[in-house]
Amino acid sequence: MNIKELPEIEYIIPGTGACAGCPSTIGLRLVGKALGENAICLLTPSCAVASMGMTPKTCYSFPALNICFASAGASGGAISMALDPLYSKKRLEGEKPVVFAWVGDGGTYDIGFQGLSAAAERNDDFIFFCYNNEAYSNTGNQRSGATPQYVPTTTSPLGKEMLQKNVPLLMLEHRPPYVATASLAYPLDLYRKVEKAKSIKGFRYIEIHMPCCTSWKFPAAETIEVSRLAIRTGSWLLWEAENGKLSLNGVTAALAEGKRKPLPVEEYLKAQGRYAWLLKSPDKDYYIGNIENNIRRELEFMAGRAKL
Ligand SMILES: Cc1ncc(C[n+]2csc(CCOP(=O)(O)OP(=O)(O)O)c2C)c(N)n1
Ligand SMILES: [Mg+2]
């Protein structure tokens, strides 16, 4: 499939409240094309809610419910379950809509993790999307469990000490039927993964890497370029797992098989103002060495998991 062959219909219409270059609206636009019009969207407090604008001029043209921060896991399962008898008893005609949650990394990795974990364990029938911009962006860039090491935020002003969690892997170990990671720089891979998830019943988790020009400090026109650098340096890995069987995809698979060398991570760091302090530091080589070691470790670890 060619990108020009994606459905022309738009579910994110112009006039959003998002920042220019916002990755969440780019991602939701692609996801909408793959899910089609028979879908119900749940949103937790985040940039995705702020981007929607104010009633009656909202820019998402599917039913979108704003729910509280911790509740995406519980609400997704509950709405889906409540729809089941309406269709089986023919109170509603046609096909049951796809229920999906569109949740930031704060709402996924931290505040909503308990509900998410429970929904995955119960195998509730909906798709949980985490759009991971590696911070609480909507409230002015606080650190989350997804913020990478050394990134300064308003709550980690000297650079975060800890590594980020690997939540997609944690979701995989809940043993749901489908888990995938995706990138805005590889839209056809994302589109295919959403189509695949749509065709499966039960709990599905897709996490999309979302370089945020506002929090990460790069020009708004470079969202896709920074997304691509994340993949080519191995800073973000593309993989999917159907019924527990994991495979690495695209560039990530080529890096793991040694068919392609990762770009130096400095290329990725240089593109973002949030790492400016590190690149100017006298300890720059130490920091970059640590980042590269972690990239190697993650890649080897996920390649090993793929062999199971
Ligand atoms: C229980 C609760 N705590 C805090 C907030 C304030 N709040 C609104 S949006 C937001 C940030 C959300 O971060 P994330 O989920 O990563 O989405 P992003 O803003 O990055 O898109 C916070 C902390 C809230 N609405 N509810
Ligand atoms: Mg976020």
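About the cut-offs
- As a convention, each chain's residues are numbered from 1 in the sequence order in which they are written.
- All chains are assigned letters beginning at A, and all ligands numbers beginning at 1, according to the order in which they are written.
- Local features in this predicted model are restricted to residues of pLDDT 70 or higher, and side-chain atom pairs are both shown and tallied only at a pLDDT of 80 or more, whereas totals for entire chains, interfaces and linings draw on every residue.
- Just so you know, side-chain values use all the structure's heavy atoms and leave hydrogens and water out.
- Secondary structure is summarised from DSSP: a helix means a run of H or I of at least four residues, a strand means a run of E of at least two, and numbering begins at the N terminus for each.
- Only C-alpha atoms enter the radius of gyration; for comparison, a globular chain is expected to reach 2.2 Å times N to the power 0.38, where N is the number of residues.
- We call a residue buried when its accessible area falls under 20% of the maximum for its residue type, exposed when it is over 50%, and partly exposed in between, using a 1.4 Å probe and counting protein chains only.
- Pairs of residues are marked as contacts when any of their non-hydrogen atoms sit within 4.5 Å.
- Here, Shrake-Rupley sampling with a 1.4 Å probe gives the accessible areas, and only protein chains in the shown set may cover a residue.
- Note: metal donors comprise N, O and S atoms at 2.8 Å or less from the metal (3.2 Å for Na, K and Ca); water molecules are not included, so apparent gaps in a site are possible.
- If a single non-hydrogen atom of a residue is within 4 Å of a molecule or strand, that residue counts as near it.
- In protein, a polar contact requires one atom able to donate a hydrogen and another able to accept it; more generally it is a pair of N or O atoms within 3.5 Å, and residues adjacent in sequence count only if both atoms are side-chain atoms.
- Throughout, the ten residues Ala, Val, Leu, Ile, Met, Phe, Trp, Tyr, Cys and Pro are labelled nonpolar, Asp, Glu, Lys and Arg are labelled charged, and all others, Gly among them, are labelled polar.
- Angles run from 0 to 180 degrees between N-to-C directions of axes, and those axes are lines fitted to C-alpha atoms, restricted for helices to the stretch in contact.
- For classification purposes, angles smaller than 35 degrees are called roughly parallel, those larger than 145 roughly antiparallel, those between 65 and 115 roughly perpendicular, and all remaining angles oblique.
- By the definition used in this description, the sense in which the near helix is turned from the far one sets the handedness, with an anticlockwise turn below a right angle giving left-handed and a clockwise turn giving right-handed.
- Whether two strands pair depends on DSSP finding at least two bridges between them.
- Buried Ala, Val, Leu, Ile, Met, Phe, Trp, Tyr and Cys residues form a nonpolar core when they are joined through side-chain atoms within 4.5 Å.

**Student:** Can you break down the overall build of the protein chain residue by residue, with the values?
**Tutor:** Secondary structure summary: the protein chain contains 13 helices and eight strands in total. What you see for the protein chain is a C-alpha radius of gyration of 19 Å, in line with the 19 Å of a compact globule of 308 residues. Summarising its shape, the C-alpha atoms of the protein chain cover approximately 70 × 45 × 40 Å along the three principal directions. Going through the 308 residues of the protein chain one by one, you find that 55% of them count as buried. Partitioning the contacts of the protein chain with sequence separation of at least 6, the portion at a separation of at least 24 is 69%. Of the roughly 13,900 Å² of accessible surface on the protein chain, a fraction of 56% belongs to carbon and sulfur atoms.

**Student:** So, the coordination of the magnesium ion (ligand 2): which residues are in play, and what are the values?
**Tutor:** Expected angles at a metal are 109.5 degrees for tetrahedral coordination by four donors and either 90 or 180 degrees for octahedral coordination by six donors. The coordination sphere of the magnesium ion (ligand 2), as far as protein atoms go, consists of Asp105 (OD), Asn133 (OD1) and Ala135 (O), spread over 2.0 to 2.1 Å. Spacing between the donor residues of the magnesium ion (ligand 2) along their common chain follows D-x27-N-x1-A. On the criterion of sequence distance, the pair formed by Asp105 in helix H4 (residues 105–110) and Asn133 in the loop between strand S4 (126–132) and helix H6 (167–172) is long-range, its members being 28 residues apart. Accessibility assignment for this pair places Asp105 and Asn133 in one class, buried.

**Student:** Residue-level account of the environment of Ser137, with values.
**Tutor:** As for its placement among the helices and strands, Ser137 is situated in the loop between S4 and H6. Of the residues examined, Ser137 reaches a relative accessible area of 13% and is grouped as buried. In sequence terms Ser137 and Asp105 are 32 residues apart; their C-alpha atoms lie 9.5 Å from each other. If we ignore the near neighbours within four places in the chain, the residues touching Ser137 are Cys47, Cys212 and Ser215.

**Student:** Summarise the site of ligand 1; cite the residues concerned and give the values.
**Tutor:** Every one of the 15 residues lining ligand 1 counts as a neighbour, but Gly106, Tyr131, Ala135, Ser137 and Asn138 are closest to it. Note that an oxygen atom of ligand 1 is positioned 2.8 Å from one of the backbone N or O atoms of Gly106. Here Tyr131 contributes a side-chain N or O atom positioned 2.5 Å from an oxygen atom of ligand 1. With three residues, H4 is the single largest residue contributor to the shell around ligand 1. A breakdown of the residues in the shell around ligand 1 according to their chemical character gives six nonpolar, eight polar and one charged.

**Student:** Which residues make up the packing of helix H1 (residues 23–35) against helix H7 (residues 187–198), and what values do they have?
**Tutor:** Relative to each other, H1 and H7 sit at 45 degrees, their axes nearing to 9 Å. By the angle between their axes, H1 is oblique relative to H7. Note on packing geometry: the crossing formed by H1 with H7 is right-handed. Contacts between H1 and H7 involve Leu30, Val31, Lys33, Ala34 and Leu35 from the former and Pro187, Leu190, Tyr191, Val194, Glu195 and Lys198 from the latter. Residue composition of the contact of H1 with H7, by class: eight nonpolar, no polar and three charged.

**Student:** I'd like to hear about the sheet that holds strand S1 (residues 39–43), residue by residue, with values.
**Tutor:** Two pairing modes exist for strands in a sheet, parallel and antiparallel, and in both the strands are linked by backbone hydrogen bonds. Spatial strand order, S2-S1-S3-S4-S6-S5-S7-S8: eight strands in an open sheet with mixed pairing. Edge strands, defined here as strands with exactly one partner in the open sheet, are strand S2 (64–66) and strand S8 (245–248). Ignoring which end each strand starts from, the neighbouring axes of this sheet average 20 degrees apart. Bridging between strand S5 (residues 178–183) and strand S6 (residues 203–209) involves six bridges; their strand directions are parallel.

**Student:** Tell me what's going on with the pairing of strand S7 (residues 239–242), and back it up with residues and numbers.
**Tutor:** Every regular strand shows the same layout, with side chains that alternate between the two sheet faces. Two elements, S5 and S7, share three bridges in a ladder whose sense is antiparallel. By the bridge assignment, Val179 is partnered in S7 with Ala241. In sequence, S7 turns back onto S8 through a hairpin of two residues, with Asn243 there showing a positive phi of about 50 degrees.

**Student:** Run through the nonpolar core, naming residues and quoting values.
**Tutor:** Of all hydrophobic cores here, the largest spans 60 residues; its most connected members are Phe128, Phe203, Tyr205, Trp239, Leu246, Leu269 and Leu278. Sorting elements by how many residues they give to this core places helix H13 (residues 284–306) first, with eight residues. Residues within four places of Leu269 in sequence aside, it is in contact with Tyr275, Leu278, Leu279, Ile288 and Ile291.

**Student:** So what's going on with the environment of Ala146? Residues and values would help.
**Tutor:** For Ala146, the location among the structural elements is in the loop between S4 and H6. Sequence-wise, Ala146 and Lys33 are 113 residues apart; in three dimensions their C-alpha atoms are separated by 27 Å. Dropping the residues within four chain positions of it, Ala146 is found in contact with Asp105, Tyr109, Asn132, Glu134 and Gln164.

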